[in-house]
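Coordinate analysis (summary)
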Amino acid sequence: MFYCGRCLGEGLKPKAEFGINPGSEQVRFTIERDGFINTFEKLGATIFTNACGPCIGQWGRYNDPKNGPKNTIVHSFNRNFSKRADGNPNTHAFVTSPEMVAAIAISGDLNFNPITDTLTNDKGEQVKLAEPTGFELPPKGFDVEDNGYLEPAEDGSSVEVKVNPSSDRLQLLAGFAPWDGKNITGAKLLIKAEGKCTTDHISMAGPWLRYRGHLDNISNNTLIGAVNAFGGATNKVKNQLDGSYGEVPAVARAYKAAGVPSVVVGDSNYGEGSSREHAAMQPRHLGVVAVIVKSFARIHETNLKKQGMLGLTFANEADYDKIQEDDTFNFIDLTEFAPGKQLTIELVHVDGSMDTILTNHTYNEAQIEWFKAGSALNMIKAEAAANA
Amino acid sequence: MDFDPDRVAMQDATAQMALLQFMQAGKKKVAVPSTVHCDHLIQARIGATADLQEALNKSHEVFNFLESVSNKYGIGFWKPGAGIIHQVVLENYAFPGGMMIGTDSHTVNAGGLGMVAIGVGGADAVDVMAGMPWELKFPKLIGVKLTGKMSGWTAPKDVILKVAGILTVKGGTGAIVEYFGEGAKSMSCTGKGTICNMGAEIGATTSTFGYDESMERYLRATGRADVADLANGVKEHLTGDDEVYADPEKYFDQVIEIDLSTLSPYINGPFTPDLATPVADMKEASAKAGWPTKVEWGLIGSCTNSSYEDISRACSIAEDALAKA
């Protein structure tokens, strides 16, 4: 346990460690000027960078957080889900006001109620903490020396954007290819996802976030969390080109390398969760042309449209059951893609038999143009070039 | 519905793909004022100086990319260590009656200054920076009427901890939460920011307050007297009409009333922000649930609670403890 004999000659010794992360350099500079930092340092507090830190899990509290001990912390942050602050599933994090954090940390006791309870000081006396007092705004005004802001160039046309071509964290985007105007035929099933498939199943977070600026590298997590309806395993799908089984990203890359488009099939509320665009960009990057599901989470459906993909729903939900592991998809009326008009798909099964199914879509005129251009950005780029 | 937001703010994790995409749009500059804030890629370990240097060593290529791409396309750049995106936005950019989007769920913090501020994915930020309209399903309205005045140990945080307990982590989904009443006016602007910030924890699209004198004081204290003067000129349009606040049930889909005079301090958790326990009841609750009661760390700060007011109030407790020999 923490005990700061060095800095506390008198008074109450805090039973817990204190950490402070100021919200901005302006606040930090002003509270230092006004002596608050000094007071916290007398309590042995660690002053962290003006940054998110422990509030988003950027806290190097343990070397092996997954096996961390059962313990309790109190903070004045916003979220306290399991592992959120320190990666330790055994940390019990409680959220309260900053003044209550201070009182509870001094007492070291989650049950401490400063309104009614007393603490024992180093003379053995029972003392009660006074009610908090403070200032809405600094009486001497805010102050800061260097606020850390850089104003952009008035004319940035000659500024070079710095991306090292050998970086594993950043990669300039190439832009997706436009639609060739023909019906898509011969597309292979990549995965038929069963049950819940959130954006975390499609593009897993955690260590993968390191690659969020590198589309090709982060694509190696594509759909690795989704459960394959055939076999019930995650990240194990059939490669129809050679009959082998492999990881989803590897099989997708094999199709892409062979010039074979692929299709993802999903269940209800496909793509719920975070709104991050990687969940749409990655399948697109790996050669997936269509995502056909029972129903979409709305934001993910829009993201698929923006990246130039076909986001379709089964007109008859039960058609989900017609999809077989070795299926080939032919989009036979894509050349007539129009708002409010269903798209027809031939499912060619491995035994040569065939089912024809209808799918719905919610593309408006403008969104169909995104699909034709290859992505919404390609469309914007073309418009910008036309206006230049 | 389509909207044209006034600003875009991005943090260093989500900004990467957003700006890589924006580069594809063929534009010379962003269409609306936009900023990048380097606050996510810094690990807290030893203390500010050493931790910041470690982050620069580890992630310099990301910071260099963000700095250069910002410089090229007219985007304001806040360096690592400059501060947390939502606090910096509140201090510099948020304004009453404005609308902004940000690539982080706690963008909603700017509601404390009377903004409609909404957290979005990178693709939405790209659209707005490229000049495209931004689409949002028109939200429901939840009204929270605050009566009375806080005192003693009760803080603005306790309002949202109480609201989270009432509405749960899903109760605000698809809704804008508007706080109003005498209790709202008696609260600081940064306290309002705390409440709006944690609106993300109940799933709300955003939360906001009508313009009042606390916001004017904050604008003037942060060097924006010009914005305060402009806001004062149209202040009747920057808050709800009297008849709405007089008869909220008629205008809001749901109304919650909280009396600040009797609101007691709360402590929420563990593992979820909507498990609300009054501090006075924690002995019973922790014994029943078997939560470890020995507290190892107390952490103060973050985008939610790192205002001058927050730190000064927490500091008064620290000073009192030091003095009670």
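Conventions adopted
- Residues numbered from 1 in each chain as written.
- Chains lettered and ligands numbered in written order.
- Predicted model: local features only at pLDDT ≥ 70, side-chain atom pairs only at ≥ 80, totals over all residues.
- Heavy atoms only, no water.
- Helix = DSSP H or I, 4+ residues; strand = E, 2+ residues; numbered from the N terminus.
- Rg over C-alpha atoms; globule rule 2.2 N^0.38 Å.
- Buried < 20%, exposed > 50% of the residue type's maximum accessible area, 1.4 Å probe, protein only.
- Contact = heavy atoms within 4.5 Å.
- Areas by Shrake-Rupley, 256 points an atom, 1.4 Å probe, with all protein chains shown as cover.
- Lys, Arg positive; Asp, Glu negative; His and termini not counted.
- Charge placed at Lys NZ, Arg CZ, Asp CG, Glu CD.
- Axes fitted to C-alpha atoms, helices over the stretch in contact; angles between N-to-C directions.
- Parallel < 35°, antiparallel > 145°, perpendicular 65-115°, else oblique.
- Left-handed = near helix turned anticlockwise from the far one by under 90°.
- Nonpolar A, V, L, I, M, F, W, Y, C, P; charged D, E, K, R; others polar.
- Polar contact = N/O pair within 3.5 Å; in protein donor to acceptor, adjacent residues only side chain to side chain.
- Domains from an automatic or database assignment.
- Buried area = accessible area lost by both parts, 1.4 Å probe.
- Salt bridge = Lys/Arg side-chain N within 4 Å of Asp/Glu carboxyl O.

Regarding the overall build of chain A
When helices and strands are tallied, chain A shows 10 helices and 16 strands. In terms of overall dimensions, chain A is more spread out than a globule: its C-alpha atoms have a radius of gyration of 28 Å, far above the 21 Å expected for 388 residues. For chain A, the spread of C-alpha atoms along the three principal axes comes to 90 × 55 × 40 Å. Across the 388 residues in chain A, those meeting the buried criterion constitute 55%. Contacts in chain A between residues at least 24 apart in sequence constitute 64% of all its contacts with a sequence separation of at least 6. With the model as given, the accessible surface of chain A reaches about 15800 Å², and the carbon-plus-sulfur share is 48%. Charge centroids of chain A, computed over 37 positive and 47 negative side chains, lie 3 Å from each other.

Overview of the packing of helix α1 (residues 15-22) of chain B against helix α4 (residues 122-129) of chain B
The angle between the axes and the distance between the axes are what describe a pair of packed helices. Residues and elements named next belong to chain B. In contact at an axis separation of 9 Å, α1 and α4 are set at 40 degrees when each is read in the N-to-C sense. Judged by the angle between their axes, α1 and α4 are oblique. Considering only the axes of α1 and α4, their crossing is right-handed. For the pair formed by α1 and α4, the contact residues are Ala-18, Leu-19, Gln-21 and Phe-22 on the first element and Gly-122, Val-126 and Met-129 on the second. Tallied by class, residues from the contact of α1 with α4 come to 5 nonpolar, 2 polar and no charged.

Brief notes about the side chain of His-86 of chain B
Residue and element names in this part refer to chain B. The topology assignment puts His-86 in helix α3 (residues 85-92). There is a polar contact of 3.0 Å between the side chain of His-86 and the side chain of Asp-104. Apart from the residues lying within four places of it in its own chain, the contact partners of His-86 are Asp-104, His-106, Thr-107, Asn-109 and Cys-303.

Considering helix α9 (residues 365-373) of chain A
All names here are of chain A. By the burial criterion, the buried members of α9 are Gln-367, Ile-368, Trp-370, Phe-371 and Ala-373. Where α9 is buried, its residues meet α8 (298-306), β13 (310-314) and α10 (376-387). Here α9 starts with a cap whose side-chain oxygen sits 3.2 Å from the backbone nitrogen of Ala-366, and that cap is Asn-364. At the exit of α9 stands Gly-374, carrying a positive phi of roughly 105 degrees.

Re the domain arrangement of chain B
All names here are of chain B. Split by domain assignment, chain B resolves into domain 1 (2-135) and domain 2 (140-259). Here the C-alpha centroids of domain 1 and domain 2 sit 24 Å apart. Taken together, the contact pairs 21 residues of domain 1 with 23 residues of domain 2. Counting the surface lost from both domain 1 and domain 2, the interface buries some 1500 Å², and carbon and sulfur atoms represent 62% of this. At the junction of domain 1 with domain 2, the criterion picks out 0 salt bridges. Viewed at the interface, domain 2 and domain 1 are joined by 7 residue pairs in polar contact (both at pLDDT 80 or more). When contributions to the side of domain 1 that touches domain 2 are tallied by element, the ones reaching two or more residues are α3 and β6 (116-119). Broken down by element, the residue count for the side of domain 1 that touches domain 2 peaks at 4 residues, all from α3. Here the side of domain 1 that touches domain 2 is built from residues that sort into 11 nonpolar, 9 polar and 1 charged.

Focus on the side chain of Thr-198 of chain A
Residues and elements named next belong to chain A. For Thr-198, the position within the fold is in the loop between β8 (187-192) and α4 (199-202). Overall, Thr-198 belongs to the buried group, its relative accessible area being 11%. For Thr-198, the side chain forms a polar contact with the main-chain nitrogen of Asp-200, separated by 3.1 Å. For Thr-198, the side chain forms a polar contact with the side chain of His-201, separated by 2.9 Å. Among residues more than four places away in sequence, those in contact with Thr-198 are Gly-271 and Glu-272.

Some words on the environment of Ala-9 of chain B
All names here are of chain B. Relative to the elements of secondary structure, Ala-9 occurs in strand β2 (residues 7-11). Along the backbone, Ala-9 and Pro-80 are 71 residues apart, and their C-alpha atoms lie at a distance of 15 Å. If we skip the residues at most four places from it in the chain, Ala-9 touches Thr-35, His-37, Ile-85, Val-89, Met-100, Ile-101, Gly-102 and Thr-103.

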